[in-house]
Amino acid sequence: MTHRQSDITRGLWLGLLGIVIFAATLPMTRLAVGTPDAPQMSGLFIAMGRAVVAAMLSVVFLLVTRAPLPRRENWLPLAITAGGVVLGFPLFTSVAMRHVEAVHASVIVGVLPLATAAVGALLHRQRPSGGFWLCAGVGSALVVAFAMLRSGTPGGGLSIQFADLLLLAAMLCAAVGYGYGARLSQQMRAEHVICWALVLALPLTLPLSVISWPQAALKTSAWWGFSYLAVFSMWLGFFAWYRGLALGGTVRVSQVQLVQPFLSMLFAVPLLGERLDAVTVGFSLAVIATVFIGKKMPVNAAPRQLPLQT
């Protein structure tokens, strides 16, 4: 195995570790936010509060590891990263999860690999092969088909509600944040990227979390869900995820996200009491197959254009 192949393999395994951590995000958010009949924390508090907790941990980590200040040209990409994964994705998903079940939200996450691959190809000037895009398209189509099958609407169509639009907006935010974070991870330690993004957002997240602090008594399970979101989903998961994207390439490693919807469903069974059946398992295996086939498809750097001779 060549050094590059070894990096790709390590990147895929680190990416998978990050996705396993992220897969519990939607069920844990559902625990924290509650349902319309039994509301718990507000979506605003969950999004901002988890970022504040992770930012506090980040300050300690940055000091312990003696992290240097980011270079001037890195502050804007850090701000874009923060806008995507510290602010946008957590806020949109937290608001949406009060109105949809974790299983339903999980299938909407299926559009994320294609979005991340597109952003990564643009930022890193990569040219995935037709076979790669075919695998990504088939995997995403399987996820959409699953959503249509499980929508429960007349005729089996996919019902697009306001919560679905919020989830799609969250996927776009995540794709942009993943792409820019992965590029920064090639210049900085992957752990420092998410830490600086969290610290950069602190002047906004801290006052908003104070304003939205819960006034009523909450279930213990809501606080457990919030704690997981703050420590794992908002912080430790990115250590593995950004490192994996930097090693294996954003376009290729992003396809590991195809298994996230089905892992989320697996977590939702014990956490929320939702049902997992043979159809779900079958779709899961089919999507996982597209990931491993896509891994073998070439992803090349775009050729550099030579300057015109005068």
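For the structure, see preceding data.
Parameters and conventions
Residues numbered from 1 in each chain as written. Predicted model: local features only at pLDDT ≥ 70, side-chain atom pairs only at ≥ 80, totals over all residues. Heavy atoms only, no water. 1 Å grid on protein atoms, 1.4 Å probe; cavity = no way out; pocket = protein on both sides within 12 Å on 5 of 7 lines; lining within 4 Å. Points joined across faces, edges and corners; volume = space filled by probe spheres on them. Helix = DSSP H or I, 4+ residues; strand = E, 2+ residues; numbered from the N terminus. Nonpolar A, V, L, I, M, F, W, Y, C, P; charged D, E, K, R; others polar. Axes fitted to C-alpha atoms, helices over the stretch in contact; angles between N-to-C directions. Parallel < 35°, antiparallel > 145°, perpendicular 65-115°, else oblique. Left-handed = near helix turned anticlockwise from the far one by under 90°. Salt bridge = Lys/Arg side-chain N within 4 Å of Asp/Glu carboxyl O. Buried < 20%, exposed > 50% of the residue type's maximum accessible area, 1.4 Å probe, protein only. Phe/Tyr/Trp six-rings, centres within 6.5 Å; stacked < 30°, edge-to-face > 60°.

**Examining the layout of surface pockets**
Turning to step 1, where the next piece is worked out: Roughly 240 Å³ of internal volume is contained in the largest pocket.
Turning to step 2, where the next piece is worked out: Contributing to the lining of the largest pocket are ten residues, with L12, L16, V256, V291 and F292 lying nearest its centre.
Turning to step 3, where the next piece is worked out: Looking at the lining of the largest pocket, the elements with two or more residues in it are helix 1 (3–23) and helix 13 (278–295).
Turning to step 4, where the next piece is worked out: Grouping the constituent residues of the lining of the largest pocket by class yields eight nonpolar, one polar and one charged.

**Quick look at the packing of helix 4 (residues 75–96) against helix 8 (residues 162–184)**
Turning to step 1, where the next piece is worked out: Between helix 4 and helix 8, whose axes approach to 7 Å, the crossing angle comes to 155 degrees. Regarding the angle of helix 4 to helix 8, the classification is roughly antiparallel. By crossing handedness, the relation of helix 4 to helix 8 is classed as left-handed.
Turning to step 2, where the next piece is worked out: Of the residues in the contact of helix 4 with helix 8, the class split is 20 nonpolar, six polar and no charged.

**Quick look at the pattern of salt bridges**
Turning to step 1, where the next piece is worked out: One pass over the structure, following the stated rule, counts three salt bridges.
Turning to step 2, where the next piece is worked out: Here R10 ties to D7 by a salt bridge, and the two come within 4.0 Å at their closest N and O atoms. On the criterion of helical spacing, the pair formed by R10 and D7 is a turn pair, its members being three residues apart in helix 1.
Turning to step 3, where the next piece is worked out: D7 sits in the buried class, given a relative accessible area of 13%.
Turning to step 4, where the next piece is worked out: Of the charged contacts, one joins R189 and E191 as a salt bridge, the two residues approaching to 3.4 Å between their closest N and O atoms.
Turning to step 5, where the next piece is worked out: Judged by relative accessible area, R189 falls into the partly exposed class, the value being 40%.

**Topic: unusual backbone geometry**
Turning to step 1, where the next piece is worked out: At R66, a position not held by glycine, the phi torsion is positive, near 50 degrees.
Turning to step 2, where the next piece is worked out: With respect to the helices and strands, the residue R66 is situated in the loop between helix 3 (43–64) and helix 4.

**Some remarks on the packing of aromatic side chains**
Turning to step 1, where the next piece is worked out: Considering all chains together, one arrives at 16 aromatic pairs under this definition.
Turning to step 2, where the next piece is worked out: Considering the side-chain rings of W223 and F226, the 5.9 Å spacing of their centres and the 85 degrees angle between planes classify their relative orientation as edge-to-face. Of this pair, W223 and F226 are both found in helix 10 (residues 220–248), three residues apart, which corresponds to roughly one turn of the helix.
Turning to step 3, where the next piece is worked out: For F226, a relative accessible area of 7% gives the class buried.
Turning to step 4, where the next piece is worked out: By way of ring pairs, the aromatic residues F22, Y178, F238, W241 and Y242 are connected into one cluster.

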